4 protein chains.
Amino acid sequence: MNARFQSDKVKQKKHHKRTAIIEAAIETFAKKGFHKTKISDIARAADVADGTVYLYFDNKDDLLIKSFDELISGKLNELKKLVEGEETFLARLTMFFDYHVKLFTEKPYIARFMAIELRQSTEFYKKFPDYQPIKRYLNYLQELIDEAKKEGNLRDVDTLGLSYLMFGTMDFVLTEWSTREQSFDLLDIKDKIVDIVRYGMYPIREH
Amino acid sequence: MNARFQSDKVKQKKHHKRTAIIEAAIETFAKKGFHKTKISDIARAADVADGTVYLYFDNKDDLLIKSFDELISGKLNELKKLVEGEETFLARLTMFFDYHVKLFTEKPYIARFMAIELRQSTEFYKKFPDYQPIKRYLNYLQELIDEAKKEGNLRDVDTLGLSYLMFGTMDFVLTEWSTREQSFDLLDIKDKIVDIVRYGMYPIREH
Amino acid sequence: MNARFQSDKVKQKKHHKRTAIIEAAIETFAKKGFHKTKISDIARAADVADGTVYLYFDNKDDLLIKSFDELISGKLNELKKLVEGEETFLARLTMFFDYHVKLFTEKPYIARFMAIELRQSTEFYKKFPDYQPIKRYLNYLQELIDEAKKEGNLRDVDTLGLSYLMFGTMDFVLTEWSTREQSFDLLDIKDKIVDIVRYGMYPIREH
Amino acid sequence: MNARFQSDKVKQKKHHKRTAIIEAAIETFAKKGFHKTKISDIARAADVADGTVYLYFDNKDDLLIKSFDELISGKLNELKKLVEGEETFLARLTMFFDYHVKLFTEKPYIARFMAIELRQSTEFYKKFPDYQPIKRYLNYLQELIDEAKKEGNLRDVDTLGLSYLMFGTMDFVLTEWSTREQSFDLLDIKDKIVDIVRYGMYPIREH
DNA sequence: TATGAATGAGCCTTCATTCAT
DNA sequence: GATGAATGAAGGCTCATTCAT
């Protein structure tokens, strides 16, 4: 092993603890909520000392924010790749939801994290006015919708309205699903909701 | 003044402080969030001593629950009266949304209270598994939907799905609206979303 | 016991804890120094709970300041009464020193408190620019000196200079005496220093 | 380059870091005070790693002590050379004060260091009973005084008393001067105080 | 009933010190 | 010798809850 390799290893190690802390934070915040989570809980879960957390993050708030960022950036990138592999708007929409259903089914605590911890306080938003991770999701959805409208695959619905409808519905379904201990089938309800969003709730007119 | 009258007055008085505390609690929880609200904040707002709160409520959690119950019962009753004054499903649906838009426009902190504080923690739900104030809203929505389906004014969509879609969308729109400092027009977006829910997002087929 | 008496008792009681905390603080700060003194040390010494300290004082710094104020105001008042009972400048000067010698001999920790804790940091002075308890002592000394000059009992020495000389000497003697565990006789050295200040250090010119 | 030279260079280098740390420590302790100074502050100022400090000093206390020693030894040696260049007691006394006025005017933080940090705690003196850097100053002053008395240039004042008077006055003047942001003229007040110490404060008897 | 002073458990954060490299 | 990432003990302060009046 030469010097260059060693340096790489060092760099890797440098980030190892940080990554461990982020992962522990996401899981613990999601499981117990921000306020009930002690820094020492996270430190223990990450197998580091309490003080180590403060080598990588300014304070508890900062850790929350950075955890969100990390989580959402990662997921959004994954999502974009998958979605952009699809051709039609319908396929993309389906993929958008499928991705989340899969993600949250596999790691329900992420659903809780995104659906609940995210919105703890206006104070939080006041403190970090530029911190709008949900906004990035919404923006992405809105791009997809606008494209679809251009393609003619979508009638001229209100972009903002549809994005709120889609995101809000998904968010609520997931919140219910995760706080109610997964008492209904996520895949099933997704299909049923997609059906409503596609065709509306009015009786389908015969022609 | 006879004994009966006196007793009534006493009872009224008895409830006066309780009511004041509940009202102060709702407003304060909504404004500052559950964790940042101190019992002494609520006591001051209600113009009672800290200790007095504990004459009417077991603890802070209990006060939160009772506040929700009070708030939601009141609002739900109001809502039911208005909704049941309408004949058609469409009118009822419209009324359902209009009522909330009006309510939250007038008292935005109630939106915050319902949208955010409501879902603070799994711990909370674990501790009070029977406490599901949202459930009552959802149940009511589902009743309306089922009726409408029977009337033939609604195609055979999934009741649970539609109720989640409607409630989740409303919830999210309100959260955004209240955390983003009312940056968009609530009435306007409501109409646009109702349009989507009615007719779906697909191009309307000519016939 | 009537209502008025009871109210007095309450008032007394109200201040009882505050007084106990101040006294405990002075003694503990003096014995251990500001930084080594824990709030819990003071609380224990005052026989109250830790939290009680914060009912009467904003924080540890505030407690230090208030303790000084209390201590110095009290002592300065006592001192003024005694000094003003004397007629001539010489008697007043003697009283000024005698008072301190007696005070510090009886309660050496007060000497430490005034001589050392008082000047912990420039930060402290920056934070509380108006907080100059020593200044009040100096001002008082300067008044005495100016009067004496007017009376003709004192030659036209520099007032500021003499006040610094007197205060600084006293301060240093006390510091040495208290940090060196009272290894010399305070009364004795006082007389010898007074002699120098009176007649100067040059050989007394015969005439 | 031979081995001896190399060894010298190494020794020099060895001491380079130690010297850098001492200098950084004196300046930083003086500027921020002992308790607010972090080891990492000193390390950064000395341009070494935190751990390096512990190669040369046992702990933070030890670093403080060694810094004092270094500072005081240096200054005392300088002072002695200058003082011993003077013939008469009066000239020596003047030099003693002039030296300090010059030193502290040029590097006010040294005044702070000596006047304040020096006396942080009884604990400190208890821990290091032999550590009396001021003592060396006092001893030197006392030697000067005793010599002067032998020479007949000084009446038979109490040596300890006069040394305390001189040192204490100087100490206090400097403390006031440095904590009050140099609000008065050091040179001017020095002359006025020297006048008092020489001739006393009583009206000069005519003859 | 009502009060509000008192309590004390609990937690975030700092920083002197260590030690593997 | 030199580094600096990691450690973990320690303490100021908050605030839900109690209880004597």
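Residues numbered from 1 in each chain as written. Chains lettered and ligands numbered in written order. Predicted model: local features only at pLDDT ≥ 70, side-chain atom pairs only at ≥ 80, totals over all residues. Heavy atoms only, no water.

**Focus: the protein's contact with DNA strand F**
Here is step 1: As a matter of local geometry, DNA strand F sits amid 29 residues, with Thr52(A), Tyr56(A), Ile39(C), Thr52(D) and Tyr56(D) nearest to it.
Here is step 2: Put simply, 73% of the atoms of DNA strand F that lie within 4 Å of the protein are in sugar or phosphate.
Here is step 3: Within the backbone of Ile39(C), one N or O atom sits 2.8 Å away from a phosphate oxygen of DNA strand F.
Here is step 4: One nitrogen or oxygen atom from the side chain of Tyr54(C) is found 2.8 Å from a phosphate oxygen belonging to DNA strand F.
Here is step 5: Looking at the surface near DNA strand F, the elements with two or more residues in it are α3 (50–56) of chain A, α3 (50–56) of chain B together with α1 (3–32) and α3 (50–56) of chain D.
Here is step 6: Tallying contributions element by element places α3(D) first for the surface near DNA strand F, with five residues.
Here is step 7: When grouped by side-chain class, the residues that make up the surface near DNA strand F number 12 nonpolar, nine polar and eight charged. (Near = heavy atom within 4 Å. Polar contact = N/O pair within 3.5 Å; in protein donor to acceptor, adjacent residues only side chain to side chain. Helix = DSSP H or I, 4+ residues; strand = E, 2+ residues; numbered from the N terminus. Nonpolar A, V, L, I, M, F, W, Y, C, P; charged D, E, K, R; others polar.)

**Section: unusual backbone geometry**
Here is step 1: Non-glycine residue Asp47(C) carries a positive phi angle of around 60°.
Here is step 2: Looking at where Asp47(C) falls in the secondary structure, it is placed in the loop between α2 (39–46) and α3 (50–56).

**Points about the domain arrangement of chain A**
Residue and element names in this part refer to chain A.
Here is step 1: The domains assigned to chain A are domain 1 (1–57) and domain 2 (67–199).
Here is step 2: Each partner contributes to the interface: domain 1 provides nine residues, whereas domain 2 provides eight residues.
Here is step 3: Summing the contributions of domain 1 and of domain 2, the shared interface buries around 850 Å²; its carbon and sulfur component is 68%.
Here is step 4: Among the residues domain 1 hides against domain 2, the three largest losses belong to Ile-22, Ile-26 and Ala-30. Together they make up 54% of the total.
Here is step 5: Applying the counting criterion to the domain 1 and domain 2 interface returns one salt bridge.
Here is step 6: Taken together, the connections running from domain 1 to domain 2 amount to one residue pair in polar contact (both at pLDDT 80 or more).
Here is step 7: Here the side of domain 1 that touches domain 2 is built from residues that sort into six nonpolar, one polar and two charged. (Domains from an automatic or database assignment. Contact = heavy atoms within 4.5 Å. Buried area = accessible area lost by both parts, 1.4 Å probe. Salt bridge = Lys/Arg side-chain N within 4 Å of Asp/Glu carboxyl O.)

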